[in-house]
Amino acid sequence: MSVHAQQPAKITVRSLQASKQAGDKIACLTAYDASFAHVLDRAGVDLVLVGDSLGMVVQGQQTTLSVSVADMLYHCKAVSRGLSRSMLMADMPFLSYTSPQQALQHAGHFMKQANAQMVKLEGGAEQAEIVASLARNGIPVCAHLGLQPQRVHKLGGYYVQGREQAAAEAMLREAQQLEQAGADLILLECVPASLAEAITRALYIPVIGIGAGAGCDGQILVLYDILGISMGRIPKFSQDFLAETGSVEAAVKAYVEAVKNGTFPGTQHVFS
Ligand code: KIV
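Since this is a predicted model, take the numbers as computed values, not measurements. (Residues numbered from 1 in each chain as written. Predicted model: local features only at pLDDT ≥ 70, side-chain atom pairs only at ≥ 80, totals over all residues. Heavy atoms only, no water.)

**Quick notes on the pairing of strand E8 (residues 218-221)**
Part 1 of the reasoning: Burial of E8 is two-sided: the residues Gly 218 and Ile 220 facing one way and the residues Gln 219 and Leu 221 facing the other way are all buried.
Part 2 of the reasoning: Here strand E7 (residues 207-210) runs beside E8; their pairing, made up of two bridges, is parallel. Each residue of the ladder has a partner; that of Gly 209, found in E8, is Gln 219. (Buried < 20%, exposed > 50% of the residue type's maximum accessible area, 1.4 Å probe, protein only. Helix = DSSP H or I, 4+ residues; strand = E, 2+ residues; numbered from the N terminus. Pairing = 2+ DSSP bridges.)

This is the structure we're talking about:
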């Protein structure tokens with residue numbers, strides 16, 4: 001028997017797609033270093049995001065805006081060394097994808113230097129050209145809709161998005177345009193649960209949510225929130241799994257299990 005036969009199969013865009021078709025929930029978390037990445041990988045997390053949330057939770061900044069491509073590359077490289085099964089997704093930081101050429105150059109660094117299997121960028125239909133260019137060049141893309149923390153100053157704060165009917169219809173349309181442009185995954189942040197469910201049903205590609213209810217194909221949370229490590233309050237849409245379990249490994253396993261069996265998120269984590 002080959003050694004490879006004993007390794008759990010690596011998560012890919014195809015297996016994420018298959019999970020959606022089969023109705024199997026996709027469990028995702030952020031990580032920023034190799035040791036936590038290893039714990040997540042062993043606990044069955046399907047997708048690990050090196051999020052630009054590291055600006056806040058690791059660097060102690062007020063927003064994600066100051067995070068650089070160099071910061072992201074440093075943390076992605078570290079996380080990639082801790083993973084064997086989980087997919088690695090790299091967040092494109094603020095102003096690192098203002099043109100197709102710039103996006104391609106920076107996404108290329110994540111793929112070539114840090115073993116990322118997918119990049120994530122914030123924005124709606126205005127990003128369709130960039131998504132199409134990345135897709136044409138063989139780079140899987142996750143498009144982040146709903147609350148986009150990189151636009152915090154334009155939005156005037158961190159608010160639930162898509163509550164008004166016109167905004168909800170626009171978000172659905174934009175998600176469809178991004179899928180048509182070649183996105184492989186959509187992330188919805190802080191969106192009413194009914195809208196997130198409608199978008200999830202309308203799309204062929206998987207949709208993962210954070211503060212977007214149980215109707216998505218999967219869930220993602222910031223690792224430090226599920227471990228109860230927070231400089232402020234734990235967000236309404238998150239849960240301290242460490243308090244319930246007593247060890248980091250058990251907390252991550254409990255989160256994965258709760259996402260897979262549909263008990264997380266519960267009604268208390270959801271926006272209407
Ligand atoms: O940067 C990040 O951690 C994110 C989360 C919203 C998933 O994008």
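**Examining the sheet that holds strand E3 (residues 87-91)**
Part 1 of the reasoning: On the basis of which strands lie adjacent, the closed barrel formed by eight strands has the order E1-E2-E3-E4-E5-E6-E7-E8 and parallel pairing. The sheet shows a mean angle of 25 degrees between the axes of neighbouring strands, direction not considered.
Part 2 of the reasoning: The pairing of E3 with strand E4 (residues 118-122) spans three bridges and is parallel. If you follow Asp 91 over to E4, its bridge partner there is Lys 120. (Axes fitted to C-alpha atoms, helices over the stretch in contact; angles between N-to-C directions.)

**Describing the pattern of salt bridges**
Part 1 of the reasoning: Evaluation of the coordinates by the stated rule reveals eight salt bridges.
Part 2 of the reasoning: The residue Arg 42 makes a salt bridge to Glu 249 at a minimum N-O spacing of 3.3 Å. You can see Arg 42 sitting in helix H2 (residues 34-43) and its partner Glu 249 sitting in helix H12 (residues 248-260), a full 207 residues away along the chain.
Part 3 of the reasoning: What makes Arg 42 exposed here is its relative accessible area of 53%.
Part 4 of the reasoning: Looking at Glu 249, the relative accessible area reads 31%, which means it is partly exposed.
Part 5 of the reasoning: One salt bridge connects Lys 120 with Asp 91, and the closest N-O pair in it is separated by 2.8 Å. A residue pair is termed long-range when its members are at least 10 positions apart, and Lys 120 in strand E4 and Asp 91 in strand E3 qualify at 29 residues.
Part 6 of the reasoning: By relative accessible area, Lys 120 is classed as buried at 2%.
Part 7 of the reasoning: The exposure class assigned to Asp 91 is buried, which follows from its relative accessible area of 2%. (Salt bridge = Lys/Arg side-chain N within 4 Å of Asp/Glu carboxyl O.)

**Some points on the packing of aromatic side chains**
What describes a pair of aromatic rings is the distance from one ring centre to the other and the angle between the planes of the rings.
Part 1 of the reasoning: Going through the model one piece at a time under the given rule, you end up with six aromatic pairs.
Part 2 of the reasoning: Where Tyr 32 meets Tyr 224, the ring centres are 5.5 Å apart and the plane angle is 85 degrees; that geometry is what we call edge-to-face. Of this pair, Tyr 32 sits in the loop between strand E1 (26-30) and H2 while Tyr 224 is found in helix H10 (residues 223-226), placing the two residues 192 residues apart along the sequence. As far as burial versus exposure is concerned, Tyr 32 and Tyr 224 are alike and both buried.
Part 3 of the reasoning: Taken together, the ring pairs connect Tyr 32, Phe 36 and Tyr 224 into an aromatic cluster. (Phe/Tyr/Trp six-rings, centres within 6.5 Å; stacked < 30°, edge-to-face > 60°.)

**Comments concerning the site of the ligand**
Part 1 of the reasoning: Around the ligand, the surrounding shell consists of Thr 30, Leu 49, Gly 51, Asp 52, Ser 53, Asp 91, Lys 120, His 144, Glu 189, Ile 210, Ile 220 and Val 222.
Part 2 of the reasoning: At 3.1 Å from an oxygen atom of the ligand is found a side-chain nitrogen or oxygen belonging to Asp 52.
Part 3 of the reasoning: At 2.5 Å from an oxygen atom of the ligand is found a side-chain nitrogen or oxygen belonging to Ser 53.
Part 4 of the reasoning: Here the ligand is seated within the largest pocket.
Part 5 of the reasoning: Considering only residue class, the shell around the ligand consists of four nonpolar, four polar and four charged. (Near = heavy atom within 4 Å. Polar contact = N/O pair within 3.5 Å; in protein donor to acceptor, adjacent residues only side chain to side chain. 1 Å grid on protein atoms, 1.4 Å probe; cavity = no way out; pocket = protein on both sides within 12 Å on 5 of 7 lines; lining within 4 Å. Sits in = over half its atoms within 2 Å of the grid points. Nonpolar A, V, L, I, M, F, W, Y, C, P; charged D, E, K, R; others polar.)

**Some remarks on the layout of surface pockets**
Rolled over the atoms, a probe with the dimensions of a water molecule shows which regions are left empty.
Part 1 of the reasoning: Empty space within the largest pocket amounts to approximately 1000 Å³.
Part 2 of the reasoning: In terms of lining residues, the largest pocket is bounded by 38 residues, among which Met 56, Val 222, Asp 225, Pro 235 and Phe 237 are the most central.
Part 3 of the reasoning: Among the secondary structure elements, those contributing two or more residues to the lining of the largest pocket are helix H3 (54-57), E4, strand E6 (185-189) and H10.
Part 4 of the reasoning: Residues belonging to the lining of the largest pocket are distributed by class as follows: 20 nonpolar, ten polar and eight charged.
Part 5 of the reasoning: Around the second largest pocket sit 15 residues that line it, and Gly 146, Gln 148, Gln 161, Met 171 and Glu 174 are the ones nearest its centre.
Part 6 of the reasoning: Contributing elements (two or more residues each) for the lining of the second largest pocket: strand E5 (141-146) and helix H8 (165-181).
Part 7 of the reasoning: Across the lining of the second largest pocket, the residue classes tally to five nonpolar, six polar and four charged. (Points joined across faces, edges and corners; volume = space filled by probe spheres on them.)

**Description of helix H9 (residues 193-202)**
Part 1 of the reasoning: Taken together, the buried positions of H9 are occupied by Ala 193, Leu 195, Ala 196, Ile 199 and Thr 200. Down the axis, H9 shows its buried residues gathered within 160 degrees of arc, on one side only. Exposed residues pointing more than 90 degrees away from the buried face of H9 are listed as Ser 194 and Arg 201.
Part 2 of the reasoning: Contacts made by the buried residues of H9 are with helix H1 (13-22), H8, E6 and E7. (Arc of directions from axis to C-beta. Contact = heavy atoms within 4.5 Å.)

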